[in-house]
Amino acid sequence: MKLSNLETFCLILADSNLILGHRLSEWCGHGPELEQDIALINVSLDLIGQSRSLYQHIAKNGETEDDIAYLRDAKDFKNHLLCEIPNGHFGDTIIRQFLYDSFHYFLLEGLTKCKNNFLRGYALKSIKEVQYHLKHSGNWSIRLGDGTNESHNKLQESLNNIWAYTPEMFELNTPEIQFYEKLGLNKDKIKNNWINHTNNVLREATLKIPESNWGQSGGKTGQHTEHLGFILAEMQHVRRSYPDAKNW
Amino acid sequence: MGEISLEEKFQNTIDKESKIEPKDWMPDGYRKNLIRQISQHAHSEIIGMLPEGNWITRAPSLMRKVSLLAKVQDEAGHGLYLYSAMETLGLSRDESLEQLITGKAKYSSIFNYPTISWADIGAIGWLVDGAAIVNQVALQRTSYGPYARAMVKICKEESFHQRQGFEIMTNLAKGTKEQKEMAQNALNRFWWPSLMMFGPSDKDSTHSDQSLKWKIKRMTNDELRQEFVNKTIPQVEFLGLTVPDPDLKLNKKTGQYEFGAINWEEFYNVIKGRGPCNKERIAARTKAQKEGEWVKAAAKAYSAKKINRRNTKAA
Ligand SMILES: [Fe+2]
Ligand SMILES: [Fe+2]
């Protein structure tokens, strides 16, 4: 399947949102308190909702959002690796979320002024939701990082473990670079905003940012971790088991 | 003034259909009975999140995934409203959740049955939320103010869940042969447990008389069950499915559907912890609560530090 630059860009964002939304939905009923269950479901709902608008926008030739989500294999998924990392404990989930939310927020901020009408409208709508996500995960990062000794140590470990998945967000491949330019998106500005914001919040959380900038990547070109296959096996199972079913 | 006149005054308020509020005097038995009923109800909402949550990651379309997530989120919200109503009677949410995992407090037996196909999500929305509505519509007139008001909020969302569940069943029942089989199979498994949701038959119900006098309950278990059957059978017919009850028939004279004998032995066994999923449900809650402890402790420690810092600054 040959994808246009717009389609590639939308798929990276849509798949990232869907897969991360899927991960968050695994928390449903298992959160530390009802309030956190509700909050994580909220974020999950927003992210999956956003992925739907993007899939609907790029669907063509009678294809539906569900065809895109349910009938592709791992190699065609373009989500950031960060999004498919397992939930771990609540702190692991919060740190993963915070790092993605800050990227997501500043990317959308750039898109609200970009040259593509659809993406501009999409970003104006989505950024209101993501602003809340960022506040939620940031506040929890601070609360857990600066809470008890136990929570501090747990969170520092979460950060150390996931850090290697952050460089991928700013490692653009050729179609992305071309598309960023065409849209008038400033990659360096997004990256600097991300660095400043994450530094500020993590400092307030009394956490130390890992020194190594060596990162894992490949998600955006379809080279995933071992986890994605299992996510898709679960997510797509019913849909694929009944190929003749038209309506659910 | 002796306690008798307080009690009379209390009963008068109830007889006038006025609400009892948290600060009003109430007999100990009323308080205990309500705490039992509201906590049981709250626990049912959050235990109910588990069998349904089980299918969120496998929902067969993004639209279904989103609406199931939103539904389960509503149930968490119902849990919150109900725990708050319960707390006005003097039992905290934490204490009550502790009673849930130690087995001291009960929850609806229906959630001890497994959800083993996607159709079960349709069946639960349609039948279980449907049965809950019948129960809860009556409870909107319950005598305790905070409980009655929680019910009003909750009922609106439950009808939405019920419609959604029925829509899933409709799509399956009118879909491919395999989808229809899936729907019939779910109905077969959830029909009797849904009827059991209304609790023991009136002649065996231990709490019924007093609860009716205090207007904690407004209709008996058997009345509610009958109303549910009358309401649901035409929907089963619309779907082109059948309930697993050879004795079911419409009594033309009374206009009521008469149904076969309920297996009370199964009901009491499930209530006592011997249902197919009791252990899993309690294990999941226990795990969530235990693993949530460090998070709660951290949040508490952080807010104490914050207050401390503010005070130091102000000084
Ligand atoms: Fe509910
Ligand atoms: Fe419901």
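Everything here concerns the structure above.
In this numbering scheme, every chain counts its residues from 1 along its sequence in written order. As a convention, the first chain written is A and the first ligand written is 1, with the rest following in written order. Local features in this predicted model are restricted to residues of pLDDT 70 or higher, and side-chain atom pairs are both shown and tallied only at a pLDDT of 80 or more, whereas totals for entire chains, interfaces and linings draw on every residue. Only hydrogens and water are set aside; all other atoms, that is, all heavy atoms of the structure, feed into the side-chain values.

### Section: the nonpolar core
Rules: For this analysis, a nonpolar core means a set of buried residues of the types Ala, Val, Leu, Ile, Met, Phe, Trp, Tyr and Cys, connected via side-chain atoms within 4.5 Å. When accessible area is computed with a 1.4 Å probe and restricted to protein chains, residues below 20% of their type maximum are described as buried, those above 50% as exposed, and intermediate ones as partly exposed. A helix here means a DSSP run of H or I that spans at least four residues, while a strand means a run of E at least two residues long, and both kinds are numbered starting from the N terminus. Any two residues whose heavy atoms approach within 4.5 Å are treated as being in contact.
If you look at the biggest cluster of nonpolar residues, it comprises 162 residues, and the most contacted ones within it are Leu111 of chain A together with Tyr30, Trp118 and Trp191 of chain B. With 12 residues, helix α4 (residues 90–111) of chain A is the largest single contributor of residues to this core. Among all residues touching tryptophan 191 of chain B, those that are not within four sequence positions of it are Leu127, Phe228, Val229, Thr232, Ile233, Val243 and Pro244 of chain B.

### Re the packing of aromatic side chains
Formally: Note on aromatic contacts: the rings of Phe and Tyr and the six-membered ring of Trp form a pair at centre separations within 6.5 Å, being stacked when their planes are under 30 degrees apart, edge-to-face when over 60 apart, and tilted otherwise. Lysine NZ or arginine CZ positioned within 6 Å of the ring centre and within 35 degrees of the ring normal marks a charge as sitting over the ring.
One pass over the full model with this rule turns up 20 aromatic pairs over all chains. Here the aromatic rings of tryptophan 264 of chain B and phenylalanine 267 of chain B are separated by 5.3 Å at their centres, their planes lie at 90°, and the arrangement is edge-to-face. Here tryptophan 264 of chain B pairs with phenylalanine 267 of chain B, and both are found in helix α10 (residues 264–274), just 3 residues apart, close to one helical turn. Members of the aromatic cluster, each reached through a chain of ring pairs, are Tyr100, Phe103, Trp163, Phe170 and Trp194 of chain A. Above the ring of tyrosine 81 of chain B, the side-chain terminus of lysine 153 of chain B is found at 4.0 Å from the ring centroid. Over the face of the ring belonging to phenylalanine 238 of chain B we find lysine 174 of chain B, whose NZ or CZ atom lies 4.8 Å from the ring centre.

### Structural notes on the packing of helix α2 (residues 34–58) of chain A against α4 of chain A
Residue and element names in this part refer to chain A. Note the cut-off: Every angle, taken between N-to-C directions, lies between 0 and 180 degrees, and every axis is a line fitted to C-alpha atoms, over only the stretch in contact when it is a helix. An angle counts as roughly parallel when it lies under 35 degrees, as roughly antiparallel when it exceeds 145, as roughly perpendicular when it falls between 65 and 115, and as oblique in every other case. Crossings are assigned a handedness: left-handed for a near helix turned anticlockwise from the far helix by less than a right angle, right-handed for a clockwise turn.
Between α2 and α4, whose axes approach to 13 Å, the crossing angle comes to 40°. The orientation of α2 with respect to α4, classified from their angle, is oblique. Considering the relative orientation of α2 and α4, their crossing is left-handed. Here Gln36, Leu40, Val43, Leu47 and Gln50 of α2 lie close against α4, whose contacting residues are Phe90, Gln97 and His104.

### A short note on the environment of glycine 29 of chain A
Tracing the chain through its elements places glycine 29 of chain A in the loop between α1 (5–25) and α2. Relative accessible area serves as the criterion here: at 1%, glycine 29 of chain A is assigned to the buried category. When residues no more than four places from it in sequence are discounted, the contact partners of glycine 29 of chain A are Asp37 of chain A together with Met49, Leu50 and Arg285 of chain B.

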